[in-house]
Amino acid sequence: AMAWVLLLLAAQDAKVRDLIRKGDDLWAQREKVGMAAASVLSYQKAIVLDESVTEGYWKISRSHLWIGGHEKDGGKKQKVYREGIDFCKMAVAIDGECIEAHFWLGVMYGLFGEAKGVLQSLSLIGPIKQEIEWVLKKNEKHEYAGPHRVLGRFYHKVPGIHGGDNQKSIQHLRRAIELAPDLHDNYLFLAEVLIDEGQKDEAKKALRTCLEAADNAVWGPESRETKRQAKE
């Protein structure tokens, strides 16, 4: 009987891996309408079969990055990011050491806060910093210098009275560019802070570099959108 149970478990595990792989393939085609949502369904099927597959949860959240970014309705956008937060919290609960889960949780808090309005979201300042600084300590290069990029964005967007700081923002974003010169958002975000600081020439230089860089291998669709914003 034991051998039979092990066979069943092995078959289930293969099915779970298969669903994750299928989700990844769909996510890779996210520029096509409906593909990001289809990837979520595939990841959800995987976690229904095996609740402990952490990857399924944070990858749902990663898909929500695209879905939320293309949602015009403000209320729906908030809902998408709110769900992204919930799935990452589940991932962290399953595996407290999962770097992707902590990273995407910090990102989703930030996006949810932006969608809701910074002043309505001051309670998220602590949680965002907590998650991203945790990732920064583990690996500053994670997700193309993600911790530096998110903190750079964070210090730029948060009002000064609540800990915002353009100089800290610039430091983090310059470090992000140093570690990941092939991720376009690193340049766009830096340019936005530099414009705020009246450093127009430096900003132009960052935008030009962004426009001339080849599409990123993993974040191709996002790099194309970032280039459009850089042009504007």
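Rules used in this analysis
- Residues numbered from 1 in each chain as written.
- Predicted model: local features only at pLDDT ≥ 70, side-chain atom pairs only at ≥ 80, totals over all residues.
- Heavy atoms only, no water.
- Helix = DSSP H or I, 4+ residues; strand = E, 2+ residues; numbered from the N terminus.
- Expected span 1.5 Å × (residues − 1).
- Buried < 20%, exposed > 50% of the residue type's maximum accessible area, 1.4 Å probe, protein only.
- Arc of directions from axis to C-beta.
- Core = buried A, V, L, I, M, F, W, Y, C linked by side-chain atoms within 4.5 Å.
- Axes fitted to C-alpha atoms, helices over the stretch in contact; angles between N-to-C directions.
- Left-handed = near helix turned anticlockwise from the far one by under 90°.
- Contact = heavy atoms within 4.5 Å.
- Nonpolar A, V, L, I, M, F, W, Y, C, P; charged D, E, K, R; others polar.

Q: Would you explain helix α6 (residues 125–138) in this entry?
A: Note that an α-helix has 3.6 residues per turn; residues three or four places apart therefore point the same way. Here α6 is 14 residues long and its end C-alpha atoms lie 20 Å apart, about the 20 Å a rise of 1.5 Å per residue gives. Inspection of α6 places Ile125, Ile128, Glu131, Ile132 and Val135 among the buried residues, and these make up the whole buried set. Buried residues along α6 cover an arc of 150° about the axis, so they all sit on one side. Away from its buried face by more than 90 degrees, α6 exposes Gln130 and Lys137.

Q: Looking at this structure, I do not really get unusual backbone geometry. What am I missing?
A: Residues other than glycine predominantly adopt negative phi, and peptide bonds predominantly adopt the trans conformation. At Glu143, a residue that is not glycine, the phi angle is positive and equals roughly 50°. With respect to the secondary-structure elements, Glu143 resides in helix α7 (residues 142–157). Positive phi values are uncommon outside glycine, yet Ala145 reaches one of about 60°. Of note, Ala145 is situated in helix α7.

Q: In this structure, what is going on with the nonpolar core? I would like to understand it.
A: Within the largest apolar cluster, 39 residues are counted, with the highest numbers of intra-cluster contacts made by Phe103 and Trp104. Breaking this core down by element, the ones donating at least two residues are α1 (2–28), α2 (35–49), α3 (54–69), α4 (74–94), α5 (99–116), α6 and α7. With nine residues, α5 is the single largest residue contributor to this core. Membership of the second largest hydrophobic core comes to 15 residues, among which are Tyr187, Leu194, Ala206 and Leu207.

Q: I tried to follow the packing of helix α10 (residues 200–212) against helix α11 (residues 220–231) on my own but got confused; where do I start?
A: A packed helix pair is summarised by two numbers, namely the angle formed by the two axes and the spacing between the axes. Contact pair α10 / α11: the axes reach a minimum separation of 9 Å and the direction vectors enclose 145°. Taken as a pair, α10 and α11 cross one another with a handedness that is left-handed. On α11, the residues that touch Leu207, Cys210 and Leu211 of α10 are Thr226, Lys227, Ala230 and Lys231. Along the lines of polarity and charge, the residues of the contact of α10 with α11 split into four nonpolar, one polar and two charged.

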